[in-house]
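Here's the letter readout for the chains.
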Amino acid sequence: MFKNKFLVFIFIANSICIYGQKYSIDFINHKNGLTQSCGHTITRHNGYMWFGTQDGLNRYDGTRIKAFKVKDYPHMKSNYINAILPDSKNKLWIATTEGLSLMDTETNKFISVNGDSIKFVKRLYKDDYGNLWVTPQNKGLYQKKNNSDIFLNISFFQNDKIIDFDEYNCRI
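Help me understand the sheet that holds strand β6 (residues 91-96) in this model?
Strand pairing within a sheet occurs via backbone hydrogen bonds; the two strands may be parallel or antiparallel. Ordered in space as β5-β6-β7-β8, the 4 strands form an open sheet in which the pairing is antiparallel. The sheet terminates laterally at β5 (81-86) and β8 (109-113), the two strands that pair on one side only. Pairs of neighbouring strands in the sheet enclose a mean axial angle of 25°, with direction left out of account. Note that β6 and strand β7 (residues 99-104) share 6 bridges and pair antiparallel. Paired with Trp93 across the two strands is Leu102, which belongs to β7.

Here's what the structure looks like:
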């Protein structure tokens, strides 16, 4: 009986030693360089963690934080970041309170996606076909088909008729 309990103890002790790993949790906030401690969105892209706050876009490499703000990157629409979505071309779609920006993560350059229709973007989604879906506040839904520069306004139906249908060339 004692021998069986001893063998079970050895088995459990070895399992813990073999499979036990140490994890460390680092807290990232404004004290280590984040532009603001209140983050709205987080994503991982090309080995970096990207944080969107009310005061800019932040890239974290595991050691340092690089901040991107409108004052240094004027084609960024706003410092108030609502959503970040990576695409397959090493670019990040940035949803802000002033509209939509596209960032080339290899050059750190921003492209301002023009258009008064696409303001105060709340969320970004990508479907299985690579299409981008944009939800501006109180403006319905926009779709940018993969490999196209056109944003199509998807409107809602009323009495089986489309209320509004509009194409918008964002000139990316």
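Text resumes after the structure shown.
Explain the sheet that holds strand β2 (residues 48-53) to me, please; I cannot follow it from the model alone.
Ordered by their spatial adjacency, 4 strands build an open sheet running β1-β2-β3-β4, and the pairing between neighbours is antiparallel. One side of each edge strand has no neighbouring strand; the edge strands of this open sheet are β1 (39-45) and β4 (65-68). Sheet twist, expressed as the average angle between the axes of neighbouring strands with direction ignored, equals 20°. In this structure, β2 lies alongside strand β3 (residues 56-60), joined through 5 bridges in antiparallel fashion. Residue pairing for β3: Phe51 is matched across the bridge by Asn58.

Can you help me understand the pattern of salt bridges in this one?
Opposite charge on two side chains allows them to pair when their charged atoms are near. Enumeration over the complete set of coordinates arrives at 3 salt bridges. Salt-bridge contacts for Lys91 lead to Asp104; the nearest nitrogen and oxygen are separated by 3.6 Å. Placement of the pair is Lys91 in strand β6 and Asp104 in strand β7, with a sequence separation of 13 residues.

Reading the values: rules and limits
- Residues numbered from 1 in each chain as written.
- Predicted model: local features only at pLDDT ≥ 70, side-chain atom pairs only at ≥ 80, totals over all residues.
- Heavy atoms only, no water.
- Pairing = 2+ DSSP bridges.
- Helix = DSSP H or I, 4+ residues; strand = E, 2+ residues; numbered from the N terminus.
- Axes fitted to C-alpha atoms, helices over the stretch in contact; angles between N-to-C directions.
- Salt bridge = Lys/Arg side-chain N within 4 Å of Asp/Glu carboxyl O.

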